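Below, each chain spelled out in residue letters.
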Amino acid sequence: METITRIQVGGDQPYEVVMGDHVTFALPGFLKGAAKAAVIFTDSVSHDASHAVHELIDVGIEATPIEVPDAEAGKTLEVAGRCWDVLGAAGFTRSDAIVGVGGGALTDLAGFVAATWLRGVRWVPIATSINGMVDAAIGGKTAINIAAGKNLVGAFHPPAGVLCELSALRSLPQAQLNAGLAEVVKCGFIADPAILGLIGKPDALPELIERSIRVKADVVSQDLRESGLREILNYGHTLAHAIEKVEDYRWSHGHAVSVGLVYAAILGRLTGRPDFVEQTRSLLASLGLPTTYDGPWEKLRAAMAVDKKARGSSLRFVLLDDMAHPVTVTIEDEGLLAKAYEDLRA
Ligand code: GLY
């Protein structure tokens, strides 16, 4: 029998994450009362999207499929605008809903369309990548990218429920799965060190994903709007988002996070905290992920200036006071930031 795991996300608008093989059966339960649902998807997951469409049709919900470009190419104002036009033409009302089928970029876009259509309609992400399952689909952050940076325009808009379609991972190349594990490694360092011991173990993937979902669910249950605790999920992301921008989104999020985790560990060491640099590097390297980067520091520093944790001209970083003890630290010493980057390049 197939294992289905249900994880609760708390807060003012609680919902359930359903994880397992063939989980689209749970979709109609999240959309009771909807007459119409748009299914936003990318070509690479058209199979999973058609399962979702059939589940909707079976319970009498009119399904409108909307195909959009894959990855960050889909997270644009132009693509969101095309989705709004389809919803307008189909007469979507406040009781109708959005379903997003795909990886993290797709569910960010679908959530953004849901958050903005009629100032907010119900939505359900069906995550088909590790990044989507352990991060993007959970916690109600929705966004598109603009020229100034990644995720700079968006809204907090919790979903009605989340589906994590594990069967979709089987068709992904190992390198792509490993890139998704960068976010899982992050969860290990910030909250659940047992994760770090499971990395690379055969058949550990479902447990790694479940543990990481529980880390994320626990954090966002306490702090949906990132007024404090939620910032810990940004461990490694300050440099990562800058790399993605400087590379014009040709670097995968997972690869950028991998480098960003090493940079954060180096910053921790340089600020007198416990030294997790070699542990971080060797774990990520064992997954074939990049642990160094060689772009121009000035460009990266400029990109980091619009990091959402920044306050005025000061950058704030999530560092580790100890294993599973993250803390947000303001670093004003520009020399230290540059030195950490030199160490990363070395
Ligand atoms: N991806 C970080 C967060 O959801 O807060």
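Structural data are supplied above this passage.
The structure presented is a predicted model; accordingly, all values stated were derived computationally and were not measured.

1. With respect to the overall build of the chain
Within the chain, the secondary structure is distributed over 13 helices and 11 strands. Compactness check: the chain gives a C-alpha radius of gyration of 20 Å against a globular reference of 20 Å for 346 residues, within 12% of the reference. Summarising its shape, the C-alpha atoms of the chain cover approximately 60 × 45 × 35 Å along the three principal directions. By residue count, 58% of the 346 residues in the chain fall in the buried class. For the chain, restricting intrachain contacts to residue pairs at least 6 apart in sequence, the fraction spanning at least 24 positions comes to 72%. For the chain, the accessible area works out to roughly 13,700 Å², and carbon and sulfur atoms hold 53% of it.

2. Some remarks on the packing of helix α6 (residues 174-190) against helix α10 (residues 253-270)
A packed helix pair is summarised by two numbers, namely the angle formed by the two axes and the spacing between the axes. Interhelical geometry of α6 versus α10 gives an angle of 40 degrees and a closest axis separation of 7 Å. Relative to α10, the element α6 lies oblique. As α6 runs across α10, the sense of the crossing is left-handed. On α10, the residues touching A179, A182, E183, V185 and K186 of α6 are H253, G254, H255, V257, S258 and L261. Here the residues of the contact of α6 with α10 sort into 5 nonpolar, 4 polar and 2 charged.

3. Section: the packing of aromatic side chains
Evaluation of the coordinates by the stated rule reveals 6 aromatic pairs. Among the aromatic residues, those joined into a cluster by ring pairs are Y263, W297, F317 and Y341.

4. Topic: the pairing of strand β5 (residues 97-102)
Counting buried positions over the 6 residues of β5 gives 6, a clear majority of the element. Of the two faces of β5, the one carrying A97, V99 and V101 and the one carrying I98, G100 and G102 are both buried. Judged from the 5 bridges that link them, strand β3 (residues 36-41) and β5 form a sheet pairing that is parallel. Within β5, the residue paired with A37 across the bridge is A97.

5. Regarding the packing of α10 against helix α11 (residues 277-286)
Packing of α10 against α11 brings their axes to within 8 Å, and their N-to-C directions diverge by 170 degrees. One finds that α10 runs roughly antiparallel with respect to α11. Only V277, T280, R281 and L284 of α11 make contact with α10, whose side of the interface consists of S258, L261, V262, A265, I266 and R269.

6. Things to note about the site of the ligand
Surveying the vicinity of the ligand reveals the residues D135, K141, K216, R230 and L233. Between the ligand and the protein, one listed contact pairs a nitrogen atom with a side-chain N or O atom of D135 at 2.9 Å. Interatomic distance of 2.8 Å between a side-chain N/O atom of K141 and an oxygen atom of the ligand. When isolated, the ligand has an accessible area of 200 Å², and the protein chains bury 89% of it.

7. A few points about the sheet that holds β3
Ordered in space as β1-β2-β9-β6-β5-β3-β4, the 7 strands form an open sheet in which the pairing is mixed. Looking at which strands have only one partner, the edges of the open sheet turn out to be β1 (4-9) and β4 (62-67). For this sheet, the mean angle separating the axes of adjacent strands, direction not counted, is 20 degrees. Bridge analysis of β1 against strand β2 (residues 15-20) gives 6 bridges, and the strand direction is antiparallel. The partner of I4 across the bridge, within β2, is G20. Contacts from helix α2 (residues 46-58) reach β3, β4, β5, β6 (122-127) and β9 (162-165) within the one sheet, and its direction differs from that of β3 by about 175 degrees.

8. Focus on the side chain of K216
Within the fold, K216 resides in helix α8 (residues 205-222). Excluding residues within four positions of it along the chain, K216 makes contact with V134, D135, I138, R230 and L233.

9. Re helix α3 (residues 77-90)
Helix length check: α3, at 14 residues, gives a terminal C-alpha distance of 20 Å against a target of 20 Å (1.5 Å per residue), a fit within 8%. Buried residues of α3: V79, A80, G81, C83 and L87, and no others. For α3, the elements touching its buried residues are β3, β4, β5 and α4 (104-116). Trailing α3 by a residue or two, G91 shows a phi angle of about 70 degrees, which is positive.

10. Describing the pairing of strand β8 (residues 149-156)
On a regular strand, one side chain projects to one face of the sheet and the next to the other, so that they alternate. Of the pairings in the sheet, the one linking strand β7 (residues 141-146) to β8 comprises 5 bridges and is antiparallel in character. Pairing of I144 across the sheet is with V153, part of β8. Hairpin connection, β7 to β8: the antiparallel pair is bridged by 2 residues.

11. Points about the pattern of salt bridges
Applying the stated criterion across every chain yields a total of 21 salt bridges. With its nearest N and O atoms 2.7 Å apart, the salt bridge here joins D135 to K216. Of this pair, D135 sits in helix α5 (residues 130-136) while K216 sits in helix α8, and the two are 81 residues apart along the sequence. Judged by relative accessible area, which is 5%, K216 ranks as buried. R269 is the partner of D275 in a salt bridge, and the nearest nitrogen-oxygen pair spans 3.4 Å. The exposure class assigned to D275 is partly exposed, which follows from its relative accessible area of 45%. Look at R269 and you get partly exposed, because its relative accessible area is 31%. Several salt bridges converge on common partners, so that one network encompasses E72, K75, D108, K150 and E244.

Cut-offs and rules
- Residues numbered from 1 in each chain as written.
- Predicted model: local features only at pLDDT ≥ 70, side-chain atom pairs only at ≥ 80, totals over all residues.
- Heavy atoms only, no water.
- Helix = DSSP H or I, 4+ residues; strand = E, 2+ residues; numbered from the N terminus.
- Rg over C-alpha atoms; globule rule 2.2 N^0.38 Å.
- Buried < 20%, exposed > 50% of the residue type's maximum accessible area, 1.4 Å probe, protein only.
- Contact = heavy atoms within 4.5 Å.
- Areas by Shrake-Rupley, 256 points an atom, 1.4 Å probe, with all protein chains shown as cover.
- Axes fitted to C-alpha atoms, helices over the stretch in contact; angles between N-to-C directions.
- Parallel < 35°, antiparallel > 145°, perpendicular 65-115°, else oblique.
- Left-handed = near helix turned anticlockwise from the far one by under 90°.
- Nonpolar A, V, L, I, M, F, W, Y, C, P; charged D, E, K, R; others polar.
- Phe/Tyr/Trp six-rings, centres within 6.5 Å; stacked < 30°, edge-to-face > 60°.
- Pairing = 2+ DSSP bridges.
- Near = heavy atom within 4 Å.
- Polar contact = N/O pair within 3.5 Å; in protein donor to acceptor, adjacent residues only side chain to side chain.
- Expected span 1.5 Å × (residues − 1).
- Salt bridge = Lys/Arg side-chain N within 4 Å of Asp/Glu carboxyl O.

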